[in-house]
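Structure assessment
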Amino acid sequence: MASEEASLRALESLMTEFFHDCTTNERKREIAFFCCYLTFPEELLDNFAQQIGAWRLCLYFLSSTRNDYVMMYSLTVFENLINKMWLGVPSQDKMEIRSCLPKLLLAHHKTLPYFIRNKLCKVIVDIGRQDWPMFYHDFFTNILQLIQSPVTTPLGLIMLKTTSEELACPREDLSVARKEELRKLLLDQVQTVLGLLTGDLLSNLLQSPSSAKLLNQPIPILDAESEYICSLALECLAHLFSWIPLSASITPSLLTTIFHFARFGCDIRARKMASVNGSSQNCVLGQERGRLGVLAMSCINELMSKNCVPMEFEEYLLRMFQQTFYLLQKITKDNNAHTVKSRLEELDERSEVAQEPSLLLVRSQERERRPWSYIEKFTDFLRLFVSVHLRRIESYSQFPVVEFLTLLFKYTFHQPTHEGYFSCLDIWTLFLDYLTSKIKSRLGDKEAVLNRYEDALVLLLTEVLNRIQFRYNQAQLEELDDETLDDDQQTEWQRYLRQSLEVVAKVMELLPTHAFSTLFPVLQDNLEVYLGLQQFIVTSGSGHRLNITAENDCRRLHCSLRDLSSLLQAVGRLAEYFIGDVFAARFSDALTVVERLVKVTLYGSQIKLYNIETAVPSVLKPDLIDVHAQSLAALQAYSHWLAQYCSEAHRQNTQQFVTLISTTMDAVTPLISTKVQDKLLLSACHLLVSLATTVRPVFLISIPAVQKVFNRITDASAQRLVDKAQVLVCRALSNILLLPWPNLPENEQQWPVRSINHASLISALSRDYRNLKPNAVAPQRKMPLDDTKVIIHQTLSVLEDIVENISGESTKSRQICYQSLQESVQVSLALFPAFIHQSDVTDEMLSFFLTLFRGLRVQMGVPFTEQIIQTFLNMFTREQLAESILHEGSTGCRVVEKFLKILQVVVQEPGQVFKPFLPSIISLCMEQVYPIIAERPSPDVKAELFELLFRTLHHNWRYFFKSTVLASVQRGIAEEQMENEPQFSAIMQAFGQSFLQPDIHLFKQNLFYLETLNTKQKLYHKKIFRTAMLFQFVNVLLQVLVHKSHDLLQEEIGIAIYNMASVDFDGFFAAFLPEFLTSCDGVDANQKNVLGRNFKMDRDLPSFTQNVHRLVNDLRYYRLCNDSLPPGTVKL
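Residues numbered from 1 in each chain as written. Predicted model: local features only at pLDDT ≥ 70, side-chain atom pairs only at ≥ 80, totals over all residues. Heavy atoms only, no water.

**Looking at the overall build of the protein**
Note the threshold: Counting from the N terminus, the helices are DSSP H or I runs at least four residues long and the strands are E runs at least two residues long. Only protein chains enter the accessibility calculation, which uses a 1.4 Å probe; a residue is then buried when its area is under 20% of its type maximum, exposed when over 50%, and partly exposed in between. Contact criterion: two residues are considered in contact whenever any of their non-hydrogen atoms come within 4.5 Å of each other. Reported accessibility uses the Shrake-Rupley method at a 1.4 Å probe radius. Residues are deemed covered only where the shown protein chains occlude them.
Helices and strands together make up the secondary structure of the protein, namely 52 helices and four strands. For the protein, the proportion of its 1132 residues judged to be buried stands at 55%. Counting contacts in the protein only where the partners sit at least 6 residues apart, residues at least 24 apart contribute 74% of the total. About 50,300 Å² of surface is accessible on the protein, with carbon and sulfur atoms providing 52% of the total.

**Quick word on the nonpolar core**
We count it as follows: Nonpolar cores are built from buried Ala, Val, Leu, Ile, Met, Phe, Trp, Tyr and Cys residues. Side-chain atoms within 4.5 Å join them into one set.
Counting residues in each nonpolar core, the largest one holds 384 residues, and the members touching the most others are F431 and Y530. Ranked by residue count, the leading element in this core is helix α10 (residues 176-206), at 12 residues. Once residues lying within four places of it in the same chain are set aside, the contact partners of F431 are V386, L390, L405, Y453 and L457.

**Observations concerning the pattern of salt bridges**
In plain terms, the rule: Salt bridge, as used here, is a side-chain nitrogen of Lys or Arg placed within 4 Å of a carboxyl oxygen of Asp or Glu.
This structure, assessed with the given rule, holds 39 salt bridges. The salt bridge involving E235 is made with R291; its shortest N-O contact spans 2.6 Å. Taken together, the residues span a long stretch of sequence, with E235 in helix α11 (residues 224-241) and R291 in helix α14 (residues 280-304) at a distance of 56 residues. Of the residues examined, E235 reaches a relative accessible area of 14% and is grouped as buried. One salt bridge connects R555 with E551, and the closest N-O pair in it is separated by 2.9 Å. Of the two residues, R555 and E551 both sit in helix α25 (residues 551-573), four residues apart, roughly one turn of that helix.

**Some thoughts on the packing of helix α8 (residues 139-148) against α10**
If you want to describe how two helices pack, look at the angle between their axes and the distance between the axes. Counted only if it meets this: Helix axes use the C-alpha atoms of the stretch in contact, all axes being lines fitted to C-alpha atoms, and the angles between their N-to-C directions lie in the range 0 to 180 degrees. Should an angle fall under 35 degrees it is taken as roughly parallel, and over 145 as roughly antiparallel, whereas 65 to 115 is taken as roughly perpendicular and any remaining angle as oblique. Residue polarity is assigned by list, with Asp, Glu, Lys and Arg as charged and Ala, Val, Leu, Ile, Met, Phe, Trp, Tyr, Cys and Pro as nonpolar; anything else, Gly included, falls into the polar class.
Put simply, α8 and α10 touch, their axes get as near as 11 Å, and they point 5° apart. Here α8 is positioned roughly parallel relative to α10, judged by the angle of their axes. Residues F140, L144, I147 and Q148 of α8 pack against L186, Q189, T192, V193, L196 and L201 of α10. When its residues are assigned to classes, the contact of α8 with α10 shows seven nonpolar, three polar and no charged.

**Some thoughts on helix α36 (residues 811-831)**
Short version of the rule: A helix is expected to reach a length of 1.5 Å times the quantity of its residues less one. Two axes enter the definition of the bend at a residue: one is fitted to the seven residues ending there, the other to the seven starting there, and the bend is the angle between them.
In this model α36 runs 28 Å from its N-terminal to its C-terminal C-alpha over 21 residues, within 8% of the 30 Å that 1.5 Å per residue would give. Of all the bends in α36, the greatest, near 50°, is centred on L821.

**Observations concerning the packing of aromatic side chains**
Where we set the bar: Under the pairing criterion, centres of Phe, Tyr and Trp rings, with the six-membered ring standing for Trp, must be within 6.5 Å; the plane angle then separates stacked pairs below 30 degrees from edge-to-face pairs above 60, leaving the rest tilted. Two conditions define a charge located above a ring, namely a distance within 6 Å from the ring centre to NZ of Lys or CZ of Arg, and an angle within 35 degrees of the ring normal.
Here the structure, examined in full by the defined rule, presents 65 aromatic pairs. Between the aromatic rings of F321 and F381, the centroid separation amounts to 6.2 Å while the plane-to-plane angle is 55°, which identifies the pairing as tilted. Linking F321 in helix α15 (residues 314-331) with F381 in helix α18 (residues 374-393), this pair joins segments that are 60 residues apart in sequence. Taking the relative accessible area as the measure of exposure, F321 reaches 1% and is therefore buried. On the basis of relative accessibility, which here comes to 1%, the residue F381 falls in the buried class. An aromatic cluster is built from F1031, Y1058, F1065, F1068, F1069, F1072, F1076, F1095 and F1104, whose rings are joined through pairwise contacts. The ring of W493 has R562 sitting right over it, with the charged end atom 4.9 Å from the ring centre. Its guanidinium or amino end placed over the ring of F961, K1022 lies 5.6 Å from that ring's centre, counting from NZ or CZ.

**Quick look at the packing of helix α27 (residues 617-637) against helix α30 (residues 678-695)**
Using the following cut-off: Note on convention: near helix rotated counterclockwise from far helix by under a right angle means a left-handed crossing. Clockwise means right-handed.
Where α27 contacts α30, the two axes come as close as 9 Å, and the packing angle between them is 10°. Here α30 runs roughly parallel to α27, going by the angle between their axes. The hand of the α27/α30 crossing is left-handed. Of the residues in α30, those in contact with I625, D626, H628, A629, L632, L635 and Q636 of α27 are K679, L680, S683, A684, H686, L687 and S690. Class assignment for the residues of the contact of α27 with α30 results in seven nonpolar, five polar and two charged.

**Focus on the environment of V538**
Note on placement: V538 falls in strand β1 (residues 537-540). Taking the relative accessible area as the measure of exposure, V538 reaches 28% and is therefore partly exposed. Separated by 75 residues in sequence, V538 and E613 have C-alpha atoms that sit 9.8 Å apart. Excluding residues within four positions of it along the chain, V538 makes contact with G543, H544, R545 and N547.

**A short note on the confidence of the model for the protein**
Spelled out, the test is: For every residue, the pLDDT score states the predictor's confidence, bounded by 0 at the bottom and 100 at the top.
Predicted confidence across the protein gives a mean pLDDT of 86, with 88% of residues reaching 70 or more. Confidence drops under a pLDDT of 50 for residues 37-47, and excluding neighbours within four residues, the segment shows 22 contacts in the predicted structure. Segment residues 273-279: pLDDT under 50, and eight contacts once partners within four positions in sequence are set aside and those in other chains are kept.

**Let's talk about helix α50 (residues 1065-1079)**
For α50, spanning 15 residues, the distance from its first C-alpha to its last is 20 Å, which sits close to the expected 21 Å at 1.5 Å a residue. At F1072, α50 shows its maximal bend, which comes to roughly 35°, and the proline P1074 appears one to four places after that position. Among the residues making up α50, those that are buried are F1065, G1067, F1068, F1069, F1072, L1073, F1076 and L1077. Buried residues along α50 sit in contact with α48 (1030-1043), α49 (1050-1061), α51 (1085-1094) and α52 (1101-1124).

**Things to note about the side chain of S766**
The following threshold applies: Polar contact criterion, stated in full: a pair of N or O atoms within 3.5 Å, where within protein one must be able to donate a hydrogen and the other to accept it, and residues adjacent in sequence count only if both atoms are side-chain atoms.
For S766, the location among the structural elements is in the loop between α33 (751-765) and α34 (767-770). Overall, S766 belongs to the buried group, its relative accessible area being 1%. Polar contacts involving the side chain of S766 include one to the main-chain carbonyl oxygen of I762, which spans 2.7 Å. Aside from chain neighbours lying at most four places away, what touches S766 is T795 and S824.

**Re the environment of L721**
Mapping L721 onto the fold places it in the loop between α31 (704-714) and α32 (723-738). Taking the C-alpha atoms as reference points, L721 and T674, separated by 47 residues in sequence, lie 5.7 Å from one another. If we skip the residues at most four places from it in the chain, L721 touches I672, S673, T674, L681, R712, I713, Q726 and V729.

**Some words on the state of the cysteines**
Selection criterion: Here, the term disulfide refers to a pair of cysteine sulfur atoms separated by no more than 2.5 Å.
Counted according to the given criterion, the structure contains zero disulfides. Here C730 stays unpaired: no disulfide links it, and the sulfur of C685, its closest cysteine neighbor, is 9.6 Å away.

**Notes on unusual backbone geometry**
For the bond from W132 to P133, the omega torsion is 0°, close enough to zero to count as cis. Positioned with a positive phi, N980 is a non-glycine residue whose angle comes to about 50°. Tracing the backbone shows N980 in the loop between β4 (977-978) and α45 (981-994). Accessibility expressed as a relative area gives 28% for N980, which makes it partly exposed.

**Focus: the environment of S797**
Following the sequence through the fold, S797 ends up in helix α35 (residues 785-806). Sequence separation between S797 and S847 is 50 residues, and the spatial gap between their C-alpha atoms is 9.1 Å. Apart from the residues lying within four places of it in its own chain, the contact partners of S797 are R720 and V727.

**Digging into the side chain of T851**
With respect to the helices and strands, the residue T851 is situated in helix α37 (residues 839-860). For T851, a relative accessible area of 10% gives the class buried. Other than its neighbours up to four places away in sequence, T851 contacts E800, V803, E804 and L856.

Structural data, given as structure tokens:
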């Protein structure tokens, strides 16, 4: 073997080349082999780290090289040795490693790169995780000594934080007993550590003689070294607070010290002074001071996030909030709005560190690279305060809640970023929810509570409304993106408006009169501008033109139209607060709003503002269309109010209501045209649907405007609307004829006339589709396939929607609907075999049949339903299923899924009508579908198949278990008679196999199905399951836990194992558990005995599941230990 020195130099060269950007993968593989040869020529690289003796060479490398790659690789070898092979390392080697690595760290910690130093710290902590206190008794004492020595304080703090991270919540490579021991050992040290960090360290650095007056004293100027130490100490505290309990260890002086550092984040003057010279050194110093504030707020937020607060700690909470109140005052102290906003902008700055070598700069590079913001942390604190602790603090007279809201108001409306403003609106939403909940639980105190907060709420409402208007907030609103969609499918502008309107709505719920009187006048002002546009419309050669051309006038009009659009959405959002019990009390206000909305929609439709030419068509035309669409949408929001008014009008026979509906239809009808923009067309269609479905006035069908829509839709020569609009209009017309009129007896519903009209409507809509039916007598000219597909798609999308929307209505409505559809349904069944190989057409046909089965199966009648089912069963042969699933991609899979959904409806049907199909359905599932999909990794079809199997069992339990009266009376003595056992066993086996597959969604679904069957039908108690399957399922679920394949479902799996074991606890403890442990490989007999002894014979759910997870954790730990032992090791 070459000398150690030569090996090191060659290794440095090769590893530098290995990580170079230009090195190819092929060359990297060569280097990997050479690196192995240089270290252990007889072993491959992958095996080098597995050699217990490799650490000696790595220790030499660490002490002799300055190559980062070599040092990192050497430390990785140590890490692997300690975490995976430590049990097999000889005791003498362990002692040497425990001695050498800390010495190496002490000798070189100031010169090592920070990431190498941190890695070395973690390796030493890993040793402590294994050996402290038994074999490494001075591990924690050494850390405390490092912190107490000025020369090594930073190093000690890094070690302390790493210890907290690695030992408080260790990974699963330790036994549960060891985890519990480590946590207890750390808890025993908490008081000492907190005293050292805050008493001896942070307070001394502040050089403050009296902690009680810290918040009133000037912030001291700290040198770079002191600020670095403070930041490390605060990082330690933040992590400690994430897991230690709220106890006597957290003292008033500790909190005061942390809050003092929180001031560093909001003291702009000190930060400016630090960077006044403009040098990078001073600039970073200023950023470090701000960072201390961020870290202090992180500590506070960790404490705040704990919802379970001991009674004795509530006084500390009050003290924290009083100190936070002081900070909030400091942040928002200036009355000049511009100054407050400027202050928040500076506090919100993210730090970007210049790359210049200096002590502070190097240390700042050790921080996380993500930009930080004091304002973000402070907003997090406010959110936690309101959501978690306000209910505790509000009753304290020492805490000024109303004054706090005043400061929060200033803080909210001077936020420098949109995200910051959104976060503050979330806080107000939490507060309003809290207030609403409090009032509902204490109705007697409602007036007192509202009086206390009324001024604040009115102020909030007014300012939020101002913030959504260009009139007051143009500069900020124009910055919002109104094109790019986020994950929630809304633009930044839409999100801004939605969150603002939610706050307005919640204030409306609390203070309806104030909210309405604030909003309506603002709406009225903007409406006047819009309604006044008519005077500026002139006739030109190509049509009508808006004679507003001056740039300034166009800009003002643009802002006014945008504001009107937003305010219309606000008015629509408030509609729910005018109905129900308050309908009569708020009738006058609601009527005023609705009348204005009807007037505005009619105005827009009559003068056709959506087609008018403008001076700035790219801006003003979309604005005009949007206002018109929003006025229709706002009116639609009041459909429930109109429905309630309809009931009142029916009793009072008022002409006012008739006029409202008629005028609305006059506004809607001109918009149902192919010449109208889609946005406006769809808004009109949705309003028409709401009038037909929600309001349902008796006279609607007799309104000339509605007759006009009927004529347009049934006219074969009229140009068809876009698909979505066509579906909506057809739904509305169908509902006008099918839905019962409110407040009228059955004999006044005019069903015969309405039935005839509905049949005519459906006949017109399905004319081309019905002509597709094969006719043996007079065969028609064959239509091109693409044209046929278009007709099928257009017709079935309309018919399916009509059926879906009538499915929950009265029997009479469904009867009339099916009578009208009957011929189209028969045509669909006749066409189905012809298109069985066209998966896109089959998909649409099955969607239609699925909707029919869900909504109209009773009306279809048993014989025809049986004919449909039999047709489908005959068509979906194994070959056809395989073609759909394996060769036609996602469309083919959707076809099979919809077929299975139809069968789900069939097997759920009560009574005996469809029971004869059960054998065929089960056979189809288990013999034709399941073999095709069982081994496929794709989740397609599986979820629907298992849902069908579950529905089959759940709704047809007596098909498998014949329950007798004697068995019911003498439950536990007589067993239920078992039938169709092979089919039941095959279904259960399929469920068991699904738990061995990686799809977590399918696993969760099927586990839920089994648990439901047990809850409803006592599945686990049935003899066949108890004797032949129970412990097989338990074994599979335990193996899933052991292999960590579905860790997100640990809790659900644990509960399922408990429910299964509870059927026969004696059998579980006496037979299954020993057998399970015997079958476990990778653990010796002694370890199996320990695992068995540690599994307590508890029979309550929490204790049992805790024992299960302990068993699983320790089994994995023992396997890890045994895998790390060298071959031939004698295990005692």
